[in-house]
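Coordinates in review
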Amino acid sequence: MRAVFVMIKTEPGHTTAVANRVAEVPTFSECYSITGQYDLLAKLYVDDIDSIGRIIERDIQSIPHVRETFTILTFEAFGVR
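What this report covers is the structure whose coordinates are included nearby. Since we're looking at a predicted model, the values are computed, not measured. (Residues numbered from 1 in each chain as written. Predicted model: local features only at pLDDT ≥ 70, side-chain atom pairs only at ≥ 80, totals over all residues. Heavy atoms only, no water.)

**Examining the sheet that holds strand β1 (residues 2–10)**
One open sheet accounts for four strands, arranged β2-β3-β1-β4; its pairing is antiparallel. Unpaired on one side and paired on the other, β2 (28–33) and β4 (66–73) mark the two borders of the sheet. Pairs of neighbouring strands in the sheet enclose a mean axial angle of 20°, with direction left out of account. Where β2 meets strand β3 (residues 40–46), five bridges bridge the pair, whose relative direction is antiparallel. The partner of Y32 across the bridge, within β3, is L41. Strands β1, β3 and β4 of the sheet are contacted by helix α2 (residues 52–60), whose axis makes an angle of about 155° with β4. (Pairing = 2+ DSSP bridges. Helix = DSSP H or I, 4+ residues; strand = E, 2+ residues; numbered from the N terminus. Axes fitted to C-alpha atoms, helices over the stretch in contact; angles between N-to-C directions. Contact = heavy atoms within 4.5 Å.)

**Thoughts on the packing of aromatic side chains**
Each aromatic ring pair is specified by the distance between its two centres and by the angle formed by the two planes. Per the stated rule, a full pass over the model turns up one aromatic pair. Ring geometry for Y38 versus F70: centroids 6.4 Å apart, planes at 40°, classification tilted. Placement of the pair is Y38 in the loop between β2 and β3 and F70 in strand β4, with a sequence separation of 32 residues. Assessed through its relative accessible area of 9%, Y38 is described here as buried. One residue, K9, lies across the ring of Y38, its end atom 5.4 Å from the ring centre. (Phe/Tyr/Trp six-rings, centres within 6.5 Å; stacked < 30°, edge-to-face > 60°. Buried < 20%, exposed > 50% of the residue type's maximum accessible area, 1.4 Å probe, protein only. Lys NZ or Arg CZ within 6 Å of the ring centre and 35° of its normal.)

All quantities given are derived from atomic positions and should not be read as evidence of function.
Structure below.
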């Protein structure tokens, strides 16, 4: 299983609503509000790396008020307890 982080930019005033919808995504783990260019950082777990594009397009980018996403794939975890 691989962790995928998705930074999400929302339309102003809709961050909480988008975060609540992201939490409904089947591969969802956790979501944080963040500062900077993006509004949310979501952590997902996927078994199949080939499914990431479909998950981002179908489950994240289709949420109303999502303006932009930036996806980060992970390779190896260090110091996990």
